[in-house]
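# Results of the structural survey
Each chain, written out:
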Amino acid sequence: ALHGAWAAVTCGACPGGLASAVSLKLVPQPSVAAAAAGMLSVDGRCKTWDARANGYVRSEGVGTCVLGANAAGAANVAVGGIAVRQDGRSASLTAPNGSAQRALLLACSALAGIASPQALGAVEAHGTGTALGDPTEAGALASAAAVDVPPSGSAGVLVGAAKACVGHTEAPSGQAGLLRCLMILGHGTAAGNAHLCVLNPLV
């Protein structure tokens, strides 16, 4: 939704746009199916990047972004570029494709005019808190940035995930992540990742 609205505003098709998403858990069947597939955290906590990561948590959410309009009192930021990509061939729904994620990161960086992902200050990750997904995503980010260890004197890149605090809202999870990024920009600092106690050795 955000990609479509941004593209329409950027090319002049319309002066402004709304990107909205909502997810309500009104029936139990999807949660039961996800639990039966072993996708959900058994203790109800999304432990992104943590060695104890054991699945995600389904949650409800709603979010809306206004593009192209200068609303008084609103947090205004410039969106340099947006890229969308399908995850490509993978073993299963819960086995993400690191190569596809790396390609997406590089494409988005290029669209935004970022010469190197090493120039990034912060990244809002998908961060589902799964034993397989987190290392795959971290590996894709490290590969795209072409750096394993931050250069001497560098603070590195802040990597966080809203899901650690609010769970996986599914459709509006991108809105939650974007809100977290706006908070980082507005306050000049980032909150820690909830439930991160011991870093996953594969991250």
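I will try to describe carefully the structure that is included in this document. All of these numbers come straight from a predicted model, not from anything done at the bench. In this numbering scheme, every chain counts its residues from 1 along its sequence in written order. Owing to the predicted nature of the model, reporting of local features is limited to residues with pLDDT of at least 70; listing and counting of side-chain atom pairs is limited to 80 or more, with chain, interface and lining totals taken over all residues. Heavy atoms throughout the structure, all of them, feed into the side-chain values; hydrogens and water do not.

## Side note on the overall build of the protein
Note the cut-off: A run of H or I in DSSP counts as a helix once it spans at least four residues, and a run of E counts as a strand once it spans at least two, with each numbered from the N terminus. Each radius of gyration reported is based on C-alpha atoms, and the globular scaling rule is 2.2 Å times the count of residues to the power 0.38.
Within the protein one finds six helices and four strands. Helices and strands in the protein line up, N terminus first, as α-β-α-β-α-β-α-β-α-α. The C-alpha atoms of the protein give 17 Å as radius of gyration, which agrees with the globular expectation for 203 residues (17 Å, within 12%). In terms of its C-alpha atoms, the protein occupies a principal-axis envelope of roughly 50 × 45 × 35 Å.

## Brief notes about the nonpolar core
Short version of the rule: Residues grouped as a nonpolar core are buried Ala, Val, Leu, Ile, Met, Phe, Trp, Tyr and Cys residues, joined through side-chain atoms within 4.5 Å. Exposure is judged per residue with a 1.4 Å probe applied to protein chains only, and the accessible area is read against the type maximum: over 50% gives exposed, under 20% gives buried, and values in between give partly exposed. Whether two residues touch is decided by their heavy atoms; if any such pair falls within 4.5 Å, the residues are in contact.
By size, the foremost hydrophobic cluster in this structure holds six residues: Ala 5, Trp 6, Ala 19, Cys 65, Leu 67 and Ile 82. When contributions to this core are tallied by element, the ones reaching two or more residues are helix 1 (2–10) and strand 2 (61–67). The residues contacting Leu 67, other than those within four sequence positions of it, are Leu 2, Ala 5, Trp 6, Val 9, Pro 15, Gly 16, Gly 17 and Ala 19.

## Things to note about the pairing of strand 1 (residues 17–23)
Rule in force here: Here the rule is simple: two strands pair whenever DSSP picks up at least two bridges between them.
Where burial is concerned, the two faces of strand 1 differ: the one with Gly 17, Ala 19, Ala 21 and Ser 23 is buried and the one with Leu 18, Ser 20 and Val 22 is not. Bridge analysis of strand 1 against strand 2 gives seven bridges, and the strand direction is antiparallel. Its bridge partner being in strand 2, Ala 19 is matched across the sheet by Cys 65.

## Let's talk about the pattern of salt bridges
What counts here: For this analysis, a salt bridge means a side-chain nitrogen from Lys or Arg found within 4 Å of a carboxyl oxygen belonging to Asp or Glu.
For the structure shown, the criterion picks out five salt bridges. The closest approach of N and O atoms between Arg 52 and Asp 50, which form a salt bridge, is 2.8 Å. Classification of Arg 52 as partly exposed rests on a relative accessible area of 42%. Residue Arg 58 pairs with Glu 170 through a salt bridge whose shortest N-O separation is 2.7 Å. Separated by 112 residues along the polypeptide, Arg 58 in the loop between helix 2 (29–36) and strand 2 and Glu 170 in the loop between helix 5 (163–166) and helix 6 (173–187) bring together distant segments of the chain. When its relative accessible area of 24% is taken as the criterion, Glu 170 is described as partly exposed. Each of Lys 25, Arg 58 and Glu 170 takes part in one network of salt bridges that share partners.

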